[in-house]
Amino acid sequence: MAGVIATLAGVLILAGIVYDTVRLITPDEPRRPPLARLRGRRPALEEAERRLVGLRLNHRIDEATYQRRMSGIARGQRRTTTGPSDTTGERHG
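Residues numbered from 1 in each chain as written. Predicted model: local features only at pLDDT ≥ 70, side-chain atom pairs only at ≥ 80, totals over all residues. Heavy atoms only, no water.

Section: the overall build of the protein chain
Alright, step 1. On a plain count of helices and strands, the protein chain comes out with four helices and zero strands.
Alright, step 2. Helices and strands in the protein chain line up, N terminus first, as α-α-α-α.
Alright, step 3. Looking at the 93 residues of the protein chain, the share that counts as buried comes to 15%.
Alright, step 4. Within the protein chain, contacts between residues separated by at least 24 positions form 42% of all contacts whose residues are at least 6 apart in sequence.
Alright, step 5. For the protein chain, the exposed surface amounts to about 7800 Å²; the carbon and sulfur share of it is 59%. (Helix = DSSP H or I, 4+ residues; strand = E, 2+ residues; numbered from the N terminus. Buried < 20%, exposed > 50% of the residue type's maximum accessible area, 1.4 Å probe, protein only. Contact = heavy atoms within 4.5 Å. Areas by Shrake-Rupley, 256 points an atom, 1.4 Å probe, with all protein chains shown as cover.)

Concerning the pattern of salt bridges
Alright, step 1. According to the stated counting rule, one finds one salt bridge in the structure shown.
Alright, step 2. When the shortest N-O distance is used, the salt bridge between Glu47 and Arg50 registers 3.1 Å. Here the residue Glu47 and the residue Arg50 both occupy positions in helix 3 (residues 41-57), the gap between them amounting to three residues, near one helical turn.
Alright, step 3. For Glu47, a relative accessible area of 30% corresponds to the partly exposed category. (Salt bridge = Lys/Arg side-chain N within 4 Å of Asp/Glu carboxyl O.)

Concerning the environment of Arg50
Alright, step 1. Since its relative accessible area comes to 48%, Arg50 is described here as partly exposed.
Alright, step 2. For Arg50, the side chain forms a polar contact with the side chain of Glu47, separated by 3.1 Å. (Polar contact = N/O pair within 3.5 Å; in protein donor to acceptor, adjacent residues only side chain to side chain.)

Examining the environment of Arg42
Alright, step 1. Inspection of the secondary structure assignment puts Arg42 in helix 3.
Alright, step 2. With a relative accessible area of 64%, Arg42 lands in the exposed category.
Alright, step 3. Through-space distance from the C-alpha of Arg42 to that of Gly76 is 8.7 Å; in sequence the pair is 34 residues apart.

Examining unusual backbone geometry
With the exception of glycine, the majority of residues adopt a negative phi angle, and the majority of peptide bonds are in the trans configuration.
Alright, step 1. Even without a glycine there, the phi angle at His59 is positive, about 60°.
Alright, step 2. Relative to the helices and strands, His59 resides in the loop between helix 3 and helix 4 (63-74).
Alright, step 3. Classification of His59 by relative accessible area gives exposed; the value is 65%.

Given below as structure tokens:
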């Protein structure tokens, strides 16, 4: 019985190590805290605006989406409520 418990504990520890390793190397994992915590809310909104302008200049989003998101930034929202599904084109990489 002690051997079964020790084996189960070892498997759980190994699963945790694998999970953490995979989570750290995936590209969608945020590796930095949100900008609002580092520098304050206003610089975070400015950074969101710069990113949105970059998306528009690179034709990653259409004009209507750009206007809707800029309106959200003007109201103090850094992220959209619908998520990234409203971008045009496909993700490269």
